[in-house]
Amino acid sequence: MAKQKKKKKYRGFWIFFKLQLLLLLLIVGAAAYYFGGGYAQTVAELKEEADSLVAKSSKELFRKGETGLVYDQKGKLLKAYKGEKDSYYLEFDQIPEIVVKTYIAVEDRQFEKHDGVDYRAILRAVIAMIRNGEVTQGGSTITQQLARTVFLNTEKTWQRKMEEIFIARNLEDKYTKSQIMEFYLNNIYFGHGYYGIQAAAQGYFSKNIDELDLSQTVFLCAIPNNPSLYDPVNNKKNTISRRNRMLSAMYDQGYISRAAAAEAKKEKIKLKRSKSIKKIDYVETYVNYCAVRALMKAQGFEFQHYFENEKQERQYDKAYRKLYIECESSLYTSGYRIYTSIDMKQQEKLQEAIDAGLGGFEDVSEEGVYKLQGAGVTIDNMTGWVTAIVGGRTQEFEGYTLNRAYQSFRQPGSAIKPLLVYAPVLERGYTPDTIVVDEPVQDGPANADGIYEGGITLRHAVKKSKNTIAWKLFDELTPLAGLGYLKAMNFTKIDTEDERLPTALGGFTTGVSPLEMAAGYATLQNDGCYREPTCIVKIEDSQDNLIYSSESESDKNKKKSKEQQAEGTRIYKSNAARTMTDMLQTVMTEGTARGLGLGEMPCAGKTGTTNDNKDGWFVGYTRYYTTGIWVGYDMPVSMPGLTGASYPGHIWHNYMLSIHEGMTPVSFIPYIEQKEIEDDFAE
């Protein structure tokens, strides 16, 4: 027994010795790597920069934030992403004690004790990361979060983390704990453009922070951890869940009683959005969307809509959401100058045309929203930029507005035929004079007018919107090939189940948006070349450094003859696009859109009506502009009298007349007749 104990003792000694030796070797190796690999110099430079940043700082730095500004195409200010913080800034003694306690309990329990960095918390985060294979808890103190918010960015590199630590240490040396907490609570982001606890209280409850009760206060404090996930307007349940977890943590640490925590959890939160906050309108929602995606693109993010498997899609969605949140937050903190292509005169005219065209329908939903809706998009055909976008009828209500122009997807009816069927077959040898047979199709569709004319030209089939012809040609083309054109133009909701013949008539699983339709028709006008629609011309930082520039910006001032090929991604062959335009001109003069022309201004377009008259579309263009109009109910129901040529067509007609007033009529690029092609080939 004694020998066994002795062996165990020696064994324990040798294990301890080996561990110490291994640790020593690791330290020596790390030191050699640190100094020999140049990391020592990098760390020294980071420390020097951190020392300089904090040394130059003053209290005023934390009171003022960079204001992001948005301009229309004429340089007029459209929006300021963040107002002057001073109007919402609170001194430390103005901040309720419960707010401070909440953040200490949840974000940084050792706040009063550490020197800016909680090394134990970092160690716990590292251990958790090793154990779980990913970051599951944070190790940053409130001081580090302040350093990141004011001086740095959210980039995940060891250099940024190291500089963050140096800045935090310096902040603790220069400012008091009360000042650091004051700076922090006035600079963190609460979503919807609200920075600081006072702005959030006013924005979400129309009260000062000291007027809120415990439940409301902790509810607000739940938001900054992830302003998108815990968005009180759009993800209120998530915010309440986090509020309850925070209340439990505060009770566990003795900041509140069990009864207070229980009562606060039971309280129902009712938001009262501040009426002083400017209503988010259709231009603002679209500018915000385009600006965020432009910033993502500037960081090298590659957008994708279709995936090989669900795993790939999940990974993409995770990366997309993460970067989207970061870029959206930066709009309010980085002082960007965002220059857009929005023409506010066109915007007002498009809104007026939709409002007037649907003015006789006043039924509203339980939320007070008009039941019958309309949406429209205009694209400048010279640049490919969006100049006007309307996502619904005018209504006065605060908060988030559904922008149906790019956020709603509906069945396009026959308006999809030129993009999906006719332009593709024109690439494959069909001409406007090709004879096709209009006859009943077994297990196929009927024509809208119930008439079958036998042998007719393809031009006639298009102008009369013959369902039988589109069906048969799509069958010949194959749905897979036809849908490939839409995917190439970034139609985002194409489903594998759409690979079927009814899709030729606009019968999609999900549908298309007015923005996508307008961009598709603009591609036909642009000689078959697609340009991704956006309203962002360029983005600069507050020092006028270029952050992002639209690909087509370089072409803005180029003068092109009408025969010149526009730039973009080639989708259709030039002659196919030109031929399609010529046939769509016939639709305007002799077909389903007869009477909707623009006088002497040459125009081309197509109507679209879905089964049971649930959706009506009109998409058309001149050499100057392309505009797509949709009319229907948010919850699809049949509407007697709704066709593409009725409400959508008249809205399009009235609006396009107004924006082309005084413009010189310009003809489309002519297509080459089949005989000329044969003659050229013979030569």
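The structure we're discussing is the one just above.
Residues numbered from 1 in each chain as written. Predicted model: local features only at pLDDT ≥ 70, side-chain atom pairs only at ≥ 80, totals over all residues. Heavy atoms only, no water.

Draft legend 1. Up close: the pattern of salt bridges. Applying the stated criterion across every chain yields a total of 21 salt bridges. For Lys472, the salt bridge goes to Glu439, with nearest N and O atoms at 3.7 Å. Of this pair, Lys472 sits in helix H19 (residues 467–477) while Glu439 sits in the loop between strand E6 (435–438) and strand E7 (454–457), and the two are 33 residues apart along the sequence. Note on Lys472: relative accessible area 29%, which makes it partly exposed. Judged by relative accessible area, Glu439 falls into the partly exposed class, the value being 39%. One salt-bridge network, in which partners are shared between bridges, spans Arg293, Lys297 and Glu532. (Salt bridge = Lys/Arg side-chain N within 4 Å of Asp/Glu carboxyl O. Helix = DSSP H or I, 4+ residues; strand = E, 2+ residues; numbered from the N terminus. Buried < 20%, exposed > 50% of the residue type's maximum accessible area, 1.4 Å probe, protein only.)

Draft legend 2. Structural view of the nonpolar core. Within the largest apolar cluster, 116 residues are counted, with the highest numbers of intra-cluster contacts made by Leu419, Tyr422, Leu486, Met517 and Ile536. Here this core takes ten residues from helix H13 (residues 282–298), the largest share from any one element. Counting 52 residues, the second-largest nonpolar core is a separate cluster that includes Phe166, Ile180, Phe205 and Met246. (Core = buried A, V, L, I, M, F, W, Y, C linked by side-chain atoms within 4.5 Å.)

Draft legend 3. Main features of the sheet that holds strand E5 (residues 386–390). Taken in spatial order, the five strands of this open sheet run E5-E4-E14-E13-E12, and their pairing is antiparallel. Every other strand in the sheet has two partners, leaving E5 and strand E12 (604–609) as the edge strands with one partner each. Taken pair by pair, the neighbouring strands of this sheet meet at an average axis angle of 5°, ignoring direction. Bridge count between strand E4 (residues 372–380) and E5: four bridges; the pairing is antiparallel. Considered in E5, the bridge of Val377 is made with Ile389. The strands touched by helix H23 (residues 647–659) are E4, E5, strand E13 (615–621) and strand E14 (625–633); relative to E14, the strand with the most contacts, the crossing angle is about 150°. (Pairing = 2+ DSSP bridges. Axes fitted to C-alpha atoms, helices over the stretch in contact; angles between N-to-C directions. Contact = heavy atoms within 4.5 Å.)

Draft legend 4. Quick peek at the packing of helix H9 (residues 197–205) against helix H10 (residues 214–221). Put simply, H9 and H10 touch, their axes get as near as 10 Å, and they point 115° apart. Comparing their axes, H10 and H9 come out roughly perpendicular. The handedness of the crossing between H9 and H10 is right-handed. Listed contacts from H10 to Ile197, Ala200, Ala201, Tyr204 and Phe205 of H9 are Gln216, Phe219, Leu220 and Cys221. In terms of residue class, the contact of H9 with H10 is made up of eight nonpolar, one polar and no charged. (Parallel < 35°, antiparallel > 145°, perpendicular 65-115°, else oblique. Left-handed = near helix turned anticlockwise from the far one by under 90°. Nonpolar A, V, L, I, M, F, W, Y, C, P; charged D, E, K, R; others polar.)

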